[in-house]
Amino acid sequence: MNEGNRYLKVVAWSEEDQCFIGTAPGLFHGGCHGPDERKVFEELLGIVDEWIAIHKKNGDPLPPSTAGRIDDFLSGARTAAE
């Protein structure tokens with residue numbers, strides 16, 4: 001299994017930015033953006049792999065897995081919006 005599969009990846013349309021935003025919450029802050037959802041997701045996959053490689057190169061432990069925790073992130077987003 002690719003270690004990147006351990007992390008939630010989100011690509012969503014941003015009305016404010018008028019483009020798709022890709023991020024991997026829990027793994028890194030920031031992300032990527034662009035007008036094509038599929039290309040943003042592909043770029044995001046590469047960023048996740050690069051981030052994992054950087055952690056390994058520096059001898060830093062990887063953050064806990066976020067895969068399968070979508071409800072944790074959605075409940076936080078709902079709380080912030082309320």
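Look above for the structure.
Analysis parameters
Residues numbered from 1 in each chain as written. Predicted model: local features only at pLDDT ≥ 70, side-chain atom pairs only at ≥ 80, totals over all residues. Heavy atoms only, no water. Pairing = 2+ DSSP bridges. Helix = DSSP H or I, 4+ residues; strand = E, 2+ residues; numbered from the N terminus. Axes fitted to C-alpha atoms, helices over the stretch in contact; angles between N-to-C directions. Contact = heavy atoms within 4.5 Å. Salt bridge = Lys/Arg side-chain N within 4 Å of Asp/Glu carboxyl O. Buried < 20%, exposed > 50% of the residue type's maximum accessible area, 1.4 Å probe, protein only. Phe/Tyr/Trp six-rings, centres within 6.5 Å; stacked < 30°, edge-to-face > 60°.

Asks: Honestly, the sheet that holds strand β1 (residues 10-14) in this entry has me stumped. Any pointers?
Replies: To summarise the sheet geometry, strands pair through backbone hydrogen bonds and adopt either a parallel or an antiparallel arrangement. Strand order in the open sheet made by the three strands is β1-β2-β3, with antiparallel pairing throughout. This sheet does not close on itself; its edge strands, each paired only once, are β1 and β3 (32-34). Strand-to-strand twist of the sheet, defined as the mean angle between neighbouring strand axes without regard to direction, takes the value 25°. Taken together, the five bridges between β1 and strand β2 (residues 19-23) define a ladder with antiparallel strand orientation. Across the sheet, residue valine 11 finds its bridge partner in β2, namely glycine 22. Against the sheet, helix α1 (residues 37-58) engages β1, β2 and β3, with an angle of about 160° to β3.

Asks: Is there a simple way to explain the pattern of salt bridges in this structure?
Replies: Note on pairing: side chains with opposite charge can pair once their charged atoms come close. Applying the stated criterion to the full structure yields one salt bridge. When the shortest N-O distance is used, the salt bridge between glutamate 3 and lysine 56 registers 2.2 Å. In this pair, glutamate 3 sits in the segment before β1 while lysine 56 sits in helix α1, placing the two residues 53 residues apart along the sequence. Here glutamate 3 falls in the partly exposed class, since its relative accessible area comes to 28%.

Asks: Explanation requested: the packing of aromatic side chains in the structure shown.
Replies: Scanning all chains against the criterion turns up two aromatic pairs. Aromatic side chains tryptophan 13 and phenylalanine 20 sit 5.0 Å apart centroid to centroid with 75° between the ring planes, which places their arrangement in the edge-to-face category. Taking relative accessible area as the criterion, phenylalanine 20 reaches 16% and is therefore assigned buried. Aromatic side chains phenylalanine 28 and tryptophan 51 sit 5.7 Å apart centroid to centroid with 55° between the ring planes, which places their arrangement in the tilted category. Within this pair, whereas phenylalanine 28 is found in the loop between β2 and β3, its partner tryptophan 51 is found in helix α1, the two being separated by 23 residues in sequence.

On their own, these measurements won't tell you what the molecule is for.
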